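Notes for the structure review
One letter stands for each residue in the lines below.
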Amino acid sequence: MNNNYQVWKTAELSQKYLSGVRSAIPLATEQIEIILRIIQTTKSQVNNFLDLGCGDGILGQAILSQYPNSQGVFLDFSEAMIEAAKSKVADNYQGNFEFITQDYSLPEWINKVHRKAPFDVVVSGFSIHHQPDSRKQEIYQEIYQLLKPGGLFLNLEHVASPSKLIGQLFDELFVDSLYTFHQSQNTNKSRAEIHQQYYNRPDKKANILAPVETQCDWLREIGFIHVDCFLKLFEIALFGGIKPELKV
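Residues numbered from 1 in each chain as written. Predicted model: local features only at pLDDT ≥ 70, side-chain atom pairs only at ≥ 80, totals over all residues. Heavy atoms only, no water.

**Structural notes on the environment of A237**
On the secondary structure map, A237 appears in strand β7 (residues 236-242). Here A237 falls in the buried class, since its relative accessible area comes to 0%. Along the primary structure A237 and D171 are separated by 66 residues, whereas in three dimensions their C-alpha atoms are 15 Å apart. A237 has contacts with N155, L156, E157, V159, V212, C229, L231 and K232, leaving out every residue within four places of it along the chain. (Helix = DSSP H or I, 4+ residues; strand = E, 2+ residues; numbered from the N terminus. Buried < 20%, exposed > 50% of the residue type's maximum accessible area, 1.4 Å probe, protein only. Contact = heavy atoms within 4.5 Å.)

Below, the structure written as structure tokens:
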């Protein structure tokens, strides 16, 4: 088992991500807009949802912005991330929320949320790629079990590039985006400095990337329908599917 992802438990790395890296993700606004468009088209109502590997809960917050009466479960193994999610959700919404500190690399995580299931929607953002491919497939199966018939799963994810060239295109795009963000924050960091920090970042070894096409195939094999990659920008992909309705 690869335990490099444990680096994300540190408060220092969590804060660095929340205060800088996430804000520099290319097309971040558009990603949220497409997620909400898919939910609104496929679900007339969202009574409950799970934000898996929630970070500061940005995807769950997006759902609450459209479905303020829905019940949300926010799960992450980082105490720092869970505290950030609690703060942001509590400051902006009033409702029935549950925040769970749990490592979903362990199959027993499902027991922590089972009493809140089944869910109308399960979302995950830039999290599952830290798991080995065999565990990714198990997690997708576990999510399938937690969904209501007709339930929707959307994964906004860091995926593998099909070639070194495309990987380089993504890396340079991200460095440019980080540089633009730091300029807006008046941090006075040079592009060369940001470039060096990006390529030597401590969490790089935690990434276990899989092609989006492969992961879509895994979802289809599990039983998801309407599976697609809904958005892709080099190594950023939004993909998912729907659990079929029960046949009468």
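After presenting the structure, the write-up continues.
**Regarding the nonpolar core**
In this structure, I39, I63, V121 and L154 are the most contacted members of the largest nonpolar core, which totals 37 residues. Looking at this core, the elements with two or more residues in it are α2 (28-42), α3 (58-66), α4 (79-92), β4 (119-125), β5 (147-158), α7 (164-184), α8 (191-199) and β7. Y104, I110, I128 and F153 belong to the second-largest nonpolar core, a separate cluster that totals 30 residues. (Core = buried A, V, L, I, M, F, W, Y, C linked by side-chain atoms within 4.5 Å.)

**Remarks on the sheet that holds β4**
Read from one edge to the other, the open sheet built from seven strands follows the order β3-β2-β1-β4-β5-β7-β6, with strand pairing classed as mixed. The open sheet has two free edges, formed respectively by β3 (97-101) and β6 (225-233), since each of these has just one partner strand. Strand after strand, the sheet turns through a mean of 15° between neighbouring axes, direction not considered. Note: β6 against β7, six bridges, orientation antiparallel. Pairing of K232 across the sheet is with A237, part of β7. (Pairing = 2+ DSSP bridges. Axes fitted to C-alpha atoms, helices over the stretch in contact; angles between N-to-C directions.)

**Quick look at the packing of aromatic side chains**
The final tally for this structure, using the stated rule, is twelve aromatic pairs. By the ring-pair criterion, three or more aromatic residues cluster together here, those being Y140, Y144, F153, W218, F224 and F239. Across from the ring centre of Y198, 4.3 Å away, lies the NZ or CZ of R201, which sits over that ring. The ring of Y144 carries K243 above its face, with NZ or CZ at 5.0 Å from the centroid. (Phe/Tyr/Trp six-rings, centres within 6.5 Å; stacked < 30°, edge-to-face > 60°. Lys NZ or Arg CZ within 6 Å of the ring centre and 35° of its normal.)

**Considering the packing of helix α6 (residues 133-146) against helix α9 (residues 212-222)**
α9 packs onto α6 with a crossing angle of 45° between their chain directions and a minimal axis gap of 10 Å. In terms of orientation, α6 lies oblique with respect to α9. When you trace α6 past α9, the crossing you get is right-handed. Between α6, through D133, K136, Q137, Y140, Q141 and Y144, and α9, the contact on the second element is made entirely by Q215, W218, L219 and I222. (Parallel < 35°, antiparallel > 145°, perpendicular 65-115°, else oblique. Left-handed = near helix turned anticlockwise from the far one by under 90°.)

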